[in-house]
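# Coordinates in review
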Amino acid sequence: MKVEGSVAVVTGAASGIGKAIAEALIAAGAKGVVVSDIDAAGAERVAAGIGAKALAVQADVADEASIRALVDRSREHFGSVDIFVSNAGLTVTGSFDASDEEWKRALDVNMMSHVWAARAVVPAMLEAGRGHLVQTIAACGVLTAFGAAPYSVAKMGAVAFAEYLAVEYGHRGLGVSCLMPQAVNTPMLTASVSSNEQLAKLKEVSEVLEPEQVAKAAIEAIEENRIHVFTHQGSADSFRQRADDADVWVAQMQAIRHGGRRP
């Protein structure tokens with residue numbers, strides 16, 4: 001799959017990683033990019049900054065009808081959707097005692113949105129014999145997120161769905177990539193870190209990347225058709241450890257979570 005000459009839709013694109021991916025797609029030669037976000041004004045600002053090749057469309061990824069309307073509008077304007085970047089996400093904290101409403105919100109935004117996007121775009125991609133889905137999932141999709149059970153479970157489900165699509169339809173030209181960053185300098189990170197002291201502690205265990213670095217990885221993943229895209233080496237190492245010896249991995253994660261260091 002080549003970005004050059006393609007039409008892409010990016011959700012959650014009013015800021016952060018989504019904004020950076022929309023801009024990187026145009027820089028890589030995309031024919032057009034649809035900048036989508038629940039924040040209509042933010043999407044308009046990003047699209048205006050990109051220029052004539054961008055179209056802003058408001059959409060709520062927690063609503064399947066809204067995703068279908070987004071895809072329909074994109075096709076009306078550009079003629080096709082070749083790349084769909086499901087970037088919009090929502091952090092939901094809590095454990096098993098989180099409310100049913102919190103669980104549903106986490107699952108709708110972080111997992112079902114990918115299912116609904118696939119329903120809207122994959123049939124046409126299979127008919128064309130080309131297309132790529134990019135899902136911004138986070139490293140917890142194959143690891144876990146401390147203190148955030150609904151978020152972790154939803155992200156893991158999103159990875160499972162992406163892998164299913166790649167296995168089931170890869171031979172028909174469908175590419176799928178899971179972006180799995182850790183800490184990235186975005187509004188979501190700012191909202192989750194309440195003090196400079198917390199940010200300093202975060203930087204002790206994870207490099208904080210800029211959105212543009214993640215966007216670069218996304219473009220490379222599309223053109224190389226890679227399924228797992230780790231932006232932090234520590235996540236990749238932990239994923240391999242989890243596969244090699246889950247008991248050791250759990251012990252290491254427990255030490256990080258409760259003791260601040262590996263055993």
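Everything below is about the structure shown above.
A brief structural summary. (Residues numbered from 1 in each chain as written. Predicted model: local features only at pLDDT ≥ 70, side-chain atom pairs only at ≥ 80, totals over all residues. Heavy atoms only, no water.)

### Points about the pattern of salt bridges
This is how the line gets drawn: Basic side-chain nitrogens of Lys or Arg form a salt bridge, by our definition, when they fall within 4 Å of a carboxyl oxygen of Asp or Glu. Helix and strand definitions here come from DSSP, where helices need a minimum of 4 consecutive H or I residues and strands a minimum of 2 consecutive E residues; each element is numbered from the N-terminal end. Each residue is placed in one exposure class: buried if its accessible area under a 1.4 Å probe, protein chains only, is under 20% of its type's maximum, exposed if it is over 50%, and partly exposed if it falls in between.
Per the counting criterion, the structure on display carries eight salt bridges. The closest approach of N and O atoms between K104 and D108, which form a salt bridge, is 2.6 Å. Residue K104 and its partner D108 are both found in helix α4 (residues 100-128); the two are separated by four residues, about one turn of the helix. In this structure K104 comes out as exposed when scored by relative accessible area, which is 53%. You can call D108 buried: its relative accessible area is 12%.

### Here we look at the pairing of strand β5 (residues 131-136)
To be explicit about the condition: A crossover gets the label right-handed when its path from the first strand over the helix to the second runs clockwise, viewed with the strands pointing away from the viewer. Any two strands with at least two DSSP bridges between them are considered paired.
Judged by how many residues are buried, β5 sits mostly within the fold: six of six residues are covered. Here β5 shows no split at all, with G131, L133 and Q135 on one side and H132, V134 and T136 on the other all buried. Crossover strand β4 (residues 83-86) to β5 through α4 is right-handed. Pairing of β5 with strand β6 (residues 174-180) involves six bridges; the strand directions are parallel. Considered in β6, the bridge of G131 is made with L174. Handedness of the β-α-β unit built from β5, helix α5 (residues 149-169) and β6 comes out right-handed.

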